[in-house]
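Each chain is listed here by its residues.
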Amino acid sequence: MSDQVPAPANRRERPPKPALTREGIIAAALELFRSGGLSGVTMRSVARALDTGHASLYVYVRDTADLHAQILDAELAAITIPDYSEPWRSSLVELLMDYRRVLFSNADIAKTVLFTRLDGPNYTALAEAVLTLLDKGGITGQAAAWGVDVLLQQAAATAAEHAHSAVNSPTPRQAPRANEVPVDANRYPRIAALREDLFSGTPTSRSEWAITMLIEGLLAVGRD
């Protein structure tokens, strides 16, 4: 009879976990986002999905805002970058409306754009495409550098404001109808005169108009 005592079973025996990488962390965050929305993506929830401690994630990502920014950048892969064979102005409007469309697909993403500095490859490609189209229109230098920021912010702000509405449905400001809202014409004569126009248009048509207006402004101040 052997006097040796059997070694206790190691209850922690399991296959080794894959090494953490920034790409793997972002992939786990994307999976959580697509299954439960942006609110479900935190450092702790991603760490649980990867079976690790949340503190270890900080070696690879700055914080939850960084995770959200990378999720947004992944979604921006759906944007079609122009081949620059079409007229620059219509291509620019189409590109910015495509950006807006992606943001419209998720209200949380649209809000993220307003408060997070984006630097991922898809956002960088978008900014480069906008600058290229501005250059084709003769808008260069500081006007282009500042203009790309204004154009992208306009699309993001509009998407954040209207993200819960269908793209071509009336905006919340159109209910009730403008002509049903009492306005004291003596006190507010210009509002009374323009109230139909103030509440007219769809989010899409108003965004296209705003983008066109900004482009015209850049043409006025930014051509060499």
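Placed above this text is the structure.
Treat the numbers as computed from the prediction; the structure is a model and nothing was measured.

Caption draft 1: Representation of the nonpolar core. By size, the foremost hydrophobic cluster in this structure holds 54 residues, and its most contacted members are Leu 92, Tyr 99, Leu 103, Val 130 and Leu 152. Elements with a minimum of two residues in this core: α1 (22-36), α2 (43-49), α3 (64-75), α4 (88-104), α5 (107-115), α6 (121-136), α7 (141-162) and α9 (203-222). Here this core takes 10 residues from α4, the largest share from any one element.

Caption draft 2: A look at the pattern of salt bridges. Taken as a whole, this structure holds five salt bridges when the rule is applied. Of the charged contacts in the structure, one is a salt bridge between Arg 62 and Asp 66, with a shortest N-O distance of 3.6 Å. According to the relative accessible area criterion, Arg 62 is exposed, its value standing at 52%. The partner of Arg 89 in a salt bridge is Glu 216, with the nearest N and O atoms 2.2 Å apart. A residue pair is termed long-range when its members are at least 10 positions apart, and Arg 89 in helix α4 and Glu 216 in helix α9 qualify at 127 residues. Among the ionic contacts, a cluster of salt bridges with common partners joins Arg 22, Arg 62 and Asp 66.

Caption draft 3: Quick look at the packing of α1 against α3. It is the contact of α1 with α3, at a shortest axis distance of 9 Å, that shows an interaxial angle of 75 degrees. When the interaxial angle is binned, α1 and α3 end up roughly perpendicular. For the pair α1 and α3, the contacting residues are Arg 22, Ile 25, Ile 26, Ala 29, Leu 30, Phe 33 and Arg 34 in the first and Asp 66, Leu 67, Gln 70, Ile 71, Ala 74 and Glu 75 in the second. Per-class residue counts for the contact of α1 with α3 are eight nonpolar, one polar and four charged.

Thresholds, definitions, all that
- Residue positions are given per chain, counting from 1 as you read along its sequence in written order.
- Predicted model: local features are reported for residues with pLDDT of at least 70 only, side-chain atom pairs are reported and counted for 80 or more only, and whole-chain, interface and lining totals are derived from all residues.
- No hydrogens and no water enter the side-chain calculation; it runs on all heavy atoms of the structure.
- Residues enter a nonpolar core if they are buried and are Ala, Val, Leu, Ile, Met, Phe, Trp, Tyr or Cys, with the set joined through side-chain atoms within 4.5 Å.
- Each residue's exposure class comes from its accessible area (1.4 Å probe, protein chains only) as a fraction of the maximum for that residue type: buried when under 20%, exposed when over 50%, partly exposed otherwise.
- Strands are runs of DSSP state E lasting at least two residues, helices are runs of H or I lasting at least four, and both sets are numbered from the N terminus onward.
- In what follows, salt bridge is the name for a side-chain nitrogen of Lys or Arg lying within 4 Å of a carboxyl oxygen of Asp or Glu.
- To get an axis, fit a line to the C-alpha atoms, keeping to the stretch in contact for a helix; angles then go from 0 to 180 degrees between the N-to-C directions.
- These descriptions rest on fixed angle ranges, namely under 35 degrees for roughly parallel, over 145 for roughly antiparallel, 65 to 115 for roughly perpendicular, and the rest for oblique.
- In this analysis, two residues are considered to be in contact whenever any of their non-hydrogen atoms come within 4.5 Å of each other.
- As a working rule, the residues Ala, Val, Leu, Ile, Met, Phe, Trp, Tyr, Cys and Pro are called nonpolar, Asp, Glu, Lys and Arg charged, and the rest polar, with Gly in that last group.

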